[in-house]
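Each chain is listed here by its residues.
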Amino acid sequence: MERLQKYLSAGGVASRRKSEELILQGKVKVNGKTITDLGFKVNDKDEVLVDNVKVFKQEKEYYLLYKPEKTICSVHDEKNRTTVVDLIETKEKIFPVGRLDYDTSGLLLLTNDGEITNKLTHPSKDIEKTYYAKVDGIVTYEDINKLEKGILLDGVKTKKATAKIRKIDKRNNKSYVELTITEGRNHQVKNMFAYINHKVLKLKRIKYAFFTLENLSIGEYRKLTIKEVKQLYNYVK
Ligand code: URA
């Protein structure tokens, strides 16, 4: 049994709050009866109508994609560029959890589960994301210290991070750094490196929560197992 508004949002009708409005407006019927009580619960056998149209419960789907560069992290693109959703074959209305830039590659979770998306993207949850960055110039341990301690971006210090130098290419004046952050601010990794005067030349997300790119090639995706979905729910509890 679940609350009617939760059932409606899971069925893709509207957000939970909007669904509550629909109920209060008398637009929702359960088994032929108009329901205006927000505490009303339904199960999968109940027939639920909104404006006399039947609501079908959506199957929840969860995918891990190795996002290639030059793909847009959204459901539609007005410039008609390939979106990450275009890369996945499904009839369900899935969307990306969080964002990767157009020129960033790597691990991306997509789902039609709004509840887990809200939890994973909530700032209080501190979900770990690890990036592998190729940057211009030679990164020093002083730079690493700054990245780890926090950098002032738009007047707000970034949360504690971990950074490791993976390779220094003196000949070409490039460095390779692994950076783990728990926030998801816009262009955060690029801006953190920019602050310490290293331009990010290439960026790849290699870890998201406990997921890695293991067994995925660029552009490939796989469904999460039921066990992984449960693990994910436990992770954000
Ligand atoms: N930080 C960035 O700068 N870009 C991304 O795509 C992800 C994190």
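Residues numbered from 1 in each chain as written. Predicted model: local features only at pLDDT ≥ 70, side-chain atom pairs only at ≥ 80, totals over all residues. Heavy atoms only, no water.

**Considerations on the overall build of the protein chain**
Scanning the protein chain for helices and strands turns up six helices and 17 strands. Along the first, second and third principal axes, the C-alpha set of the protein chain runs to 75 × 35 × 35 Å. The buried share of the protein chain, reckoned over its 237 residues, is 43%. If you take every contact in the protein chain between residues at least 6 apart in sequence, the share linking residues at least 24 apart comes to 63%. Only carbon and sulfur atoms are counted for the fraction: they give 48% of the accessible area of the protein chain, which is about 13,800 Å². Charge centroids of the protein chain, computed over 47 positive and 33 negative side chains, lie 3 Å from each other. (Helix = DSSP H or I, 4+ residues; strand = E, 2+ residues; numbered from the N terminus. Buried < 20%, exposed > 50% of the residue type's maximum accessible area, 1.4 Å probe, protein only. Contact = heavy atoms within 4.5 Å. Areas by Shrake-Rupley, 256 points an atom, 1.4 Å probe, with all protein chains shown as cover. Lys, Arg positive; Asp, Glu negative; His and termini not counted. Charge placed at Lys NZ, Arg CZ, Asp CG, Glu CD.)

**Describing the site of the ligand**
Taken together, Leu100, Asp101, Thr104, Tyr131, His187, Gln188, Val189, Lys190 and Leu203 make up the full set of residues adjacent to the ligand. At 3.5 Å, a backbone N or O of Gln188 approaches an oxygen atom of the ligand. Val189 is positioned such that a nitrogen or oxygen atom in its backbone is 3.1 Å from a nitrogen atom of the ligand. Contact with the protein chains removes 96% of the 240 Å² of surface that the ligand exposes when unbound. Considering only residue class, the shell around the ligand consists of four nonpolar, three polar and two charged. A domain-level breakdown of the shell around the ligand finds at least three residues from each of domain 2 (62–123 + 211–235) and domain 3 (128–208). (Near = heavy atom within 4 Å. Polar contact = N/O pair within 3.5 Å; in protein donor to acceptor, adjacent residues only side chain to side chain. Nonpolar A, V, L, I, M, F, W, Y, C, P; charged D, E, K, R; others polar. Domains from an automatic or database assignment.)

**Thoughts on the sheet that holds strand S5 (residues 48–50)**
Spatially, four strands are ordered S3-S2-S5-S6 in an open sheet, and the strand pairing comes out antiparallel. A single partner strand is all that each edge strand has here, and the edge strands are strand S3 (33–34) and strand S6 (53–54). As paired elements, strand S2 (residues 28–30) and S5 share three bridges and run antiparallel to each other. Residue pairing across strands places Val28 opposite Val50, the latter belonging to S5. (Pairing = 2+ DSSP bridges.)

**Brief notes about the domain arrangement of the protein chain**
For the protein chain, the assigned domains read domain 1 (2–54), domain 2 (62–123 + 211–235) and domain 3 (128–208). The gap between the C-alpha centroids of domain 2 and domain 3 is 23 Å. Opposite the 19 residues of domain 2 that make contact, domain 3 presents 13 residues. Here domain 2 meets domain 3 over a buried area of about 1,300 Å², counting both sides, of which 39% is carbon and sulfur. A per-residue breakdown of the area domain 2 buries against domain 3 is headed by Asp101, Leu107 and Phe211, which together make up 28% of the total. Remark: the boundary between domain 2 and domain 3 carries three salt bridges. (Buried area = accessible area lost by both parts, 1.4 Å probe. Salt bridge = Lys/Arg side-chain N within 4 Å of Asp/Glu carboxyl O.)

**A closer look at the environment of Arg16**
Along the polypeptide, Arg16 turns up in helix H2 (residues 16–24). Take Arg16: its relative accessible area is 39%, and that puts it in the partly exposed class. Sequence-wise, Arg16 and Leu203 are 187 residues apart; in three dimensions their C-alpha atoms are separated by 36 Å. Not counting residues within four places of it along the chain, the set of residues in contact with Arg16 comprises Gln5, Lys6 and Ser9.

**Thoughts on the pattern of salt bridges**
Here the structure, examined in full by the defined rule, presents 13 salt bridges. With a closest N to O distance of 2.6 Å, Lys159 and Asp126 form a salt bridge. With Lys159 in the loop between strand S12 (156–157) and strand S13 (162–169) and Asp126 in the loop between helix H3 (114–121) and strand S10 (129–136), the pair connects residues that are 33 residues apart, well separated along the chain. By relative accessible area, which is 34% here, Asp126 ends up partly exposed. When salt bridges with common partners are traced through the structure, they connect Lys6, Glu115 and Lys119 into a single cluster.

**Focus: the side chain of Thr182**
Position of Thr182 among the secondary structure elements: in the loop between strand S14 (174–181) and helix H5 (188–195). Excluding residues that lie within four positions of it along the chain, Thr182 makes contacts with Asp126, Ile127, Glu128, Lys129 and Lys159.

**Some thoughts on the environment of Glu69**
In this structure, Glu69 sits in the loop between strand S7 (62–67) and strand S8 (95–96). Using a relative accessible area of 31% as the deciding quantity, one classes Glu69 as partly exposed. Separated by 135 residues in the primary sequence, Glu69 and Lys204 have C-alpha atoms spaced 9.0 Å apart. Every residue in contact with Glu69, bar those within four places of it in the chain, is listed here: Tyr102, Asp103, Thr104, Ser105 and Lys202. Of the polar contacts made by the side chain of Glu69, one reaches the side chain of Lys202; its length is 2.8 Å.

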